[in-house]
Amino acid sequence: MAAKKAEQALVDQWRDILALHARTQCELDRALHQHGLCASDFEVLDVLAGSSAGDGSCAYRVQEVSERVHLSQSALSRLIARLEKDDLVERTMCPEDRRGVRVALTAKGRGLHRDVLPLQRAVLTRMLTADLSSR
């Protein structure tokens, strides 16, 4: 009986996490929509903004981005292509590995990230703080 209750508590906790994620994702999508972004778009911009190459540019191999965002390789490739079309990122060949591709923020991408960052962080604060205080 105790094992069954512990198992159910674990399942309930997992479902609470999933529900919080879904609610937060929807709120982020709603808030970022006015800037032409969805939550996944912003995650990629945020990851790229957090990288720094020796010359001050922000660049990651696409594989490194995929390790930091929770998207399949094909979904990430489509997202990067869309961001590139919107002049928010640029792709270049890796000089050290001609098979690899690097992705970096453009000036427009850096500016949009800088402008939208406070909005995204405010949504996270509101959603995650509200969830923690309701426990």
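Quick caveat, the model's predicted, so the values are computed rather than measured.

**Student:** Residue-level account of helix α1 (residues 2-33), with values.
**Tutor:** Each α-helix turn comprises 3.6 residues. Residues three or four places apart therefore point the same way. Counted at 1.5 Å a residue, the expected span for α1 with its 32 residues is 46 Å, and the 46 Å between its end C-alpha atoms agrees. When α1 is considered as a whole, its buried residues turn out to be Leu20, Thr24, Leu28, Ala31 and Leu32.

**Student:** Please provide a residue-by-residue account of the nonpolar core, values included.
**Tutor:** Residues Leu37, Val44, Leu45, Leu48, Val65 and Val89 are the most contacted members of the largest nonpolar core, which totals 26 residues. Elements that contribute at least two residues to this core include exactly α1, α2 (39-49), α3 (62-68), α4 (73-85), β3 (97-105) and α5 (107-133). Counting residues per element, this core draws most heavily on α2, at 6 residues. In contact with valine 44, not counting residues within four places along its chain, are Val65, Val69, Leu76, Leu79 and Leu83.

**Student:** How would you summarise the pattern of salt bridges if you had to cite specific residues and measurements?
**Tutor:** Considering all chains together, one arrives at 5 salt bridges under this definition. Put simply, glutamate 27 and arginine 30 hold a salt bridge, and the shortest N to O gap is 3.5 Å. Taken as a pair, glutamate 27 and arginine 30 lie in helix α1 at a separation of 3 residues, close to a single helical turn. Since its relative accessible area comes to 56%, arginine 30 is described here as exposed. Salt bridges sharing partners connect three or more residues here, namely Glu27, Arg30 and Arg126.

**Student:** Give me a nonpolar patch on the surface: which residues, what numbers.
**Tutor:** Taken together, the side chains of Trp14, Ile17 and Leu18 make up a nonpolar region of the molecular surface, amounting to roughly 310 Å² of accessible area. Tracing the sequence through the fold places isoleucine 17 in helix α1.

**Student:** Break down the side chain of glutamine 120 for me, citing the residues and quoting the values.
**Tutor:** Note on placement: glutamine 120 falls in helix α5. On the basis of relative accessibility, which here comes to 2%, the residue glutamine 120 falls in the buried class. A distance of 2.6 Å separates a polar atom in the side chain of glutamine 120 from a polar atom in the side chain of arginine 121. Residue contacts for glutamine 120: discarding those within four places in its chain leaves Leu28, Leu32, Phe42 and Glu43.

Conventions we followed
Throughout this document, residue positions are counted from 1 along each chain, in the order its sequence is written. Thresholds applied to this predicted model are a pLDDT of at least 70 for local features of residues and 80 or more for the giving and counting of side-chain atom pairs; totals over whole chains, interfaces and linings are not thresholded and use all residues. For the side-chain quantities, the full set of heavy atoms in the structure was used; hydrogens and water were omitted. In this description a helix means any DSSP run of H or I spanning at least four residues, a strand means any run of E spanning at least two, and both kinds are numbered starting from the N terminus. Multiplying one less than the number of residues by 1.5 Å gives the expected span of a helix. Burial classes: relative accessible area under 20% of the type maximum marks a residue as buried, over 50% as exposed, and values in between as partly exposed (1.4 Å probe, protein chains only). What we call a nonpolar core is a set of buried Ala, Val, Leu, Ile, Met, Phe, Trp, Tyr and Cys residues that are connected through their side-chain atoms within 4.5 Å. Contact definition: two residues touch when any of their heavy atoms are within 4.5 Å. A carboxyl oxygen of Asp or Glu within 4 Å of a side-chain nitrogen of Lys or Arg is what we treat as a salt bridge. Each patch is built from residues that are more than 30% exposed by relative accessible area and take part in no salt bridge. Like charges join if they lie within 9 Å; nonpolar side chains (Val, Leu, Ile, Met, Phe, Trp, Tyr) join within 5 Å. For accessible areas, the Shrake-Rupley method is used with a probe of radius 1.4 Å. Any residue's cover is judged against the shown protein chains and nothing else. Polar contacts, as counted here, are pairs of nitrogen or oxygen atoms within 3.5 Å of one another; within protein the pair requires one atom able to donate a hydrogen and one able to accept it, and residues that are adjacent in sequence qualify only if both atoms are side-chain atoms.

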